[in-house]
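Report on the structure
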Amino acid sequence: MEGMFGMAAVWAERTSRRTLNHLHSQLGAAGLVAAVATAPGLAAVVDQHAAAVRDILAAGVEGSAAVAGVVLLAGYARGLLDHAREAGWRLTVPHGPESGPMDWLTFRLLAVCTLANSMDDPHYRQGFELELR
């Protein structure tokens, strides 16, 4: 029975990584470059959103210590996107100042991409696991 749960955890993590990789390829890669290129202050806004997401996942999810961080992060991103689509929001990838101002959701999704990119860093993972306890 334990092997079945292990397989489910591996499947959930792989599916979550695919979700986060897809988000990064759609938005994160170009969006993060645009945020930094547009104004240095925008990178700080993305960092603030990343800290907020990290806090939400660490403190606001019951039983989060038993779930891989990548699974929590992908679930959070899916929730944002589902809610946004229901409200009629459409994903637009910022390409610099000519794209106009970024909205809250774009910043939040860029923060998710930033966190997803850093999750494979062992120093980040140790800090995230400590926060989840």
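Residues numbered from 1 in each chain as written. Predicted model: local features only at pLDDT ≥ 70, side-chain atom pairs only at ≥ 80, totals over all residues. Heavy atoms only, no water.

Moving on to the pattern of salt bridges. Pairs can form between side chains of opposite charge once their charged atoms are near each other. Applying the stated rule across the entire model yields 2 salt bridges. Between Glu 13 and Arg 17 there is a salt bridge, with the nearest N and O atoms lying 3.4 Å from each other. Taken together, the residues span about one helical turn, with Glu 13 and Arg 17 both in helix H1 (residues 2–38) at a distance of 4 residues. On the accessibility criterion, Glu 13 (29% relative accessible area) is partly exposed. (Salt bridge = Lys/Arg side-chain N within 4 Å of Asp/Glu carboxyl O. Helix = DSSP H or I, 4+ residues; strand = E, 2+ residues; numbered from the N terminus. Buried < 20%, exposed > 50% of the residue type's maximum accessible area, 1.4 Å probe, protein only.)

The nonpolar side chains of a soluble globular protein tend to be buried with one another. Residues Leu 20, Leu 23, Leu 73, Leu 109 and Val 112 are the most contacted members of the largest nonpolar core, which totals 29 residues. Secondary-structure elements contributing two or more residues to this core are H1, helix H2 (40–59), helix H3 (69–86) and helix H4 (104–118). Setting aside residues no more than four positions away along its own chain, Leu 109 makes contact with Leu 23, Leu 27, Leu 80, Leu 81 and Trp 89. (Core = buried A, V, L, I, M, F, W, Y, C linked by side-chain atoms within 4.5 Å. Contact = heavy atoms within 4.5 Å.)

Overall, the predicted model of the chain reaches an average pLDDT of 76, with 65% of residues at or above 70. Here helix H5 (residues 122–132) stands out as the element of the chain with the lowest mean pLDDT, 46, in contrast to H3, whose mean of 91 is the highest. (pLDDT = per-residue confidence, 0-100.)

Under the 1.5 Å per step criterion, the end-to-end length of H3 is 26 Å for 18 residues, consistent within 8% with the ideal 26 Å. Listed in full, the buried residues belonging to H3 are Gly 69, Val 70, Leu 72, Leu 73, Ala 74, Tyr 76, Ala 77, Leu 80, Leu 81 and Ala 84. (Expected span 1.5 Å × (residues − 1).)

Turning our eyes to something else, we now look at the environment of Val 53. Tracing the sequence through the fold places Val 53 in helix H2. Assessed through its relative accessible area of 0%, Val 53 is described here as buried. Between the C-alpha atoms of Val 53 and Leu 115, which are 62 residues apart in sequence, the distance is 8.7 Å. Apart from residues lying up to four places away in sequence, Val 53 is in contact with Leu 73, Tyr 76, Arg 108 and Leu 115.

Two quantities define a packed helix pair, namely the angle between the helix axes and the distance between the axes. Relative orientation of the contacting elements H3 and H4 amounts to 160°, with a least axis distance of 10 Å. One element, H3, and the other, H4, form an angle in the roughly antiparallel class. The chirality of how H3 crosses H4 is left-handed. Along its contact with H3, which presents Leu 73, Tyr 76, Ala 77, Leu 80, Leu 81 and Ala 84, the element H4 presents Trp 104, Leu 105, Arg 108, Leu 109, Val 112, Leu 115 and Ala 116. Along the lines of polarity and charge, the residues of the contact of H3 with H4 split into 12 nonpolar, no polar and 1 charged. (Axes fitted to C-alpha atoms, helices over the stretch in contact; angles between N-to-C directions. Parallel < 35°, antiparallel > 145°, perpendicular 65-115°, else oblique. Left-handed = near helix turned anticlockwise from the far one by under 90°. Nonpolar A, V, L, I, M, F, W, Y, C, P; charged D, E, K, R; others polar.)

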